[in-house]
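# Breakdown of the fold
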Amino acid sequence: MTEPKKLFVKTYGCQMNVYDSERMAEALSGQGYEQVGSAEEADMILLNTCHIREKASEKIYSELGRLKPLRDDNPNVKIGVAGCVAQAEGEEIMRRQPIVDLVVGPQTYHRLPAMMRAVEAGEKALDTDFPEEDKFLHLPKDRRAKRGPCAFLTVQEGCDKFCAFCVVPYTRGAEVSRPVARILGEARDLVERGVREITLLGQNVNAYHGQDEDGREWGLARLIRELAKIEDLARIRFTTSHPNDMEDDLIAAFGDCDKLMPYLHLPVQSGSDRILKAMNRKHTAQDYLDLIARIRDARPDLLLSGDFIVGFPGETDEDFAQTMDLVRKVNYGQAYSFKYSARPGTPAAERADVAPEIADSRLQELQALLTEQQRAAQDGMVGRELPVLFEKHGRQEGQLIGKSGYLHSVHAVAPAELIGQVAMVRIIKSATNSLTGALV
Ligand code: SAH
Ligand code: SF4
Ligand code: F3S
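Sequence positions are assigned chain by chain, starting from 1 and proceeding in written order. Chain labels run from A onward and ligand labels from 1 onward, assigned in the order the entries are written. Residues qualify for local features only when their pLDDT is at least 70, as the model is predicted, and side-chain atom pairs are given and counted only at 80 or more; totals for whole chains, interfaces and linings, by contrast, use all residues. Hydrogen atoms and water are omitted, and side-chain values are computed over all heavy atoms in the structure.

## Structural notes on the domain arrangement of the protein chain
Many descriptions give the size of an interface as the accessible area lost when the pieces come together. The assigned domain composition of the protein chain is domain 1 (5–127), domain 2 (143–261), domain 3 (296–379) and domain 4 (385–439). Each domain's extent is set by a domain assignment, obtained either automatically or from a database. Computed from C-alpha coordinates alone, the two centres of domain 1 and domain 3 are separated by 33 Å. Any two residues whose heavy atoms approach within 4.5 Å are treated as being in contact. Counting residues at the interface gives five residues for domain 1 and four residues for domain 3. With both sides pooled, the region where domain 1 packs onto domain 3 buries about 400 Å², and carbon together with sulfur makes up 45% of that total. Accessible area, probed at 1.4 Å, shrinks when two parts are joined; the buried area is that loss added up over both. A per-residue breakdown of the area domain 1 buries against domain 3 is headed by His-51, Arg-53 and Glu-54, which together make up 87% of the total.

Structure, rendered in structure tokens:
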């Protein structure tokens, strides 16, 4: 038997990259690669990258700089760049950093095994096509491996929305939904391997419109209801959604599908209609508020999460005040906020930036408010009895860590057999990043 080759994968960016990294590692395990926990041990180092903001992109070049001495010591170590930076910059990566042997965009991962053979033979390999075929169909799967209780499952990829600031439509390509049967098959397989919670992924997951075997189109709500029939699957989540694709049956599912968790990430980006228009979001602040009201009608305890950009080109104090106002009206339980970062090739990159110190102070002000809301939402859990899906051992002896339906981390003293199960926990304390409770 030959020694297994060692693969180290480092993942940046969104959950879809986490999912893709798992698929790539599975594909390469068919080629004798075993995953290791550090670059130093590896024969192959694969960076799965994110291009969303300048900082995210530049991180990759500093990481490659750090890997250079390792490569200089051992020229047999191979280095690959996958993901959205690979798609956006292609060959430029190899020019800027010649230690890179392989560049592979998100839509060609099924070609990775063949590319690896070329790299092992001492060649360079680059593929950033947008092929017609389904990349997941061709990725060999390791169906035996046991899985933890929570898993991601990509159902839709790419984006046709072209928000003026965003690189995703260019790095992930056009919106594509995977067929219903393949998603159901993959979900059943995950559940057989121990998964109890599935988060459906898509850049615009609520625009899902996959075909069933009779060629009929299913929306996300129908898919969720079908997945809910898998007996040992306890929880379903989905991310990320666009307000314009939040259809009635999906809203209704929050009210009548027990397995769909009461948490929704619904980015709005800004509370100013002028800025929303300039961002090409195609909805107003009021449209968003009305939508939230309808979703909360269906599920009053829903915990809402959002994304915000401050300092978008042309944003005035008044525009920003409207964002603060919207945040106060919505009351978020979770949120992510960013300073606008001009991305090459996007329409907004041509426009004049807001002064960086103004953007900084707006970001601070917004984050203070969002943090306050997040705190209040988390603290408000104290005294409640919540179902918790236990995922793993905690740091303290005898303690397990899991998540509530609202996605808060919960610690409780509990027997190890409860890992992978949902149990009721009375919440006793709220700390900075987690809740503590006791089994009921
Ligand atoms: N598909 C998802 C999100 C994609 S990126 C959606 O439509 O919501 C995640 C978040 O990053 C976005 O919601 C946005 O808030 C932020 N973002 C994207 N491009 C950005 C940019 N150029 N500058 C700053 N933040 C950005
Ligand atoms: Fe980017 Fe907008 Fe598409 Fe989200 S909807 S991925 S922010 S272009
Ligand atoms: Fe980043 Fe690409 Fe995801 S740019 S956020 S890794 S889709």
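## A word on helix H2 (residues 54–73)
Secondary structure counts use DSSP, requiring at least four H or I residues in a row for a helix and at least two E residues in a row for a strand, with both numbered from the N terminus. Expected helix span is given by 1.5 Å per residue-to-residue step, counting one fewer step than there are residues. With 20 residues, H2 extends 30 Å from end C-alpha to end C-alpha; this agrees with the ideal 28 Å at 1.5 Å per step. To obtain the bend at a residue, axes are fitted to the seven residues ending there and to the seven starting there, and the angle between these axes is taken. For H2, the principal kink sits at Leu-67 and spans about 35°; a proline, Pro-69, occurs within the next four residues. Residues of H2 that are buried include every one of Ala-56, Ser-57, Ile-60, Tyr-61, Glu-63, Leu-64, Leu-67 and Arg-71, and no others. Here the buried face of H2 lies against strand E1 (5–11), strand E3 (44–49), strand E4 (78–82), helix H3 (83–89) and helix H4 (91–96). Relative accessibility thresholds used throughout: buried, under 20% of the residue-type maximum; exposed, over 50%; partly exposed, between the two (1.4 Å probe, protein chains only).

## Description of helix H8 (residues 180–192)
Between its first and last C-alpha atoms H8 spans 18 Å; for 13 residues at 1.5 Å apiece the expected length is 18 Å, and the two agree. Those residues of H8 that fall on the buried side of the exposure criterion are Val-180, Ile-183, Leu-184, Glu-186, Ala-187, Asp-189, Leu-190 and Val-191. Those residues of H8 that are buried are in contact with helix H1 (15–29), strand E7 (150–154), strand E10 (197–201), strand E11 (210–211), strand E12 (217–218) and helix H9 (220–227). Looking at the residues trailing H8, positive phi occurs at Gly-194, about 110°.

## Let's talk about the sheet that holds strand E14 (residues 263–265)
Taken together, three strands build an open sheet; the order of strands is E14-E15-E16 and the sheet is parallel. At either margin of the open sheet sits one strand with a lone partner, and together these are E14 and strand E16 (334–339). The sheet shows a mean angle of 10° between the axes of neighbouring strands, taken without regard to direction. Here, strands pair whenever DSSP counts at least two bridges between them. Sheet topology places E14 next to strand E15 (residues 303–310); three bridges connect them, and they run parallel. Bridge pairing in E15 places Leu-264 opposite Leu-304. Under this scheme, a helix contributes an axis fitted over its contacting stretch, all axes are lines through C-alpha atoms, and angles between N-to-C directions fall in the 0 to 180 degree range.

## Comments concerning the sheet that holds E3
In space, the six strands of this open sheet follow the order E2-E1-E3-E4-E5-E6, with parallel pairing throughout. Single-partner strands in this sheet number two, and they are strand E2 (33–35) and strand E6 (125–127). Strand-to-strand twist in this sheet, taken as the mean axis angle between neighbours without regard to direction, amounts to 20°. As paired strands, E4 and strand E5 (residues 102–104) are joined by three bridges and run parallel to one another. Of the residues in E5, the one forming a bridge with Gly-80 is Leu-102. Strands in contact with H2 are E1, E3 and E4; relative to E3, the strand with the most contacts, it is inclined by about 175°.

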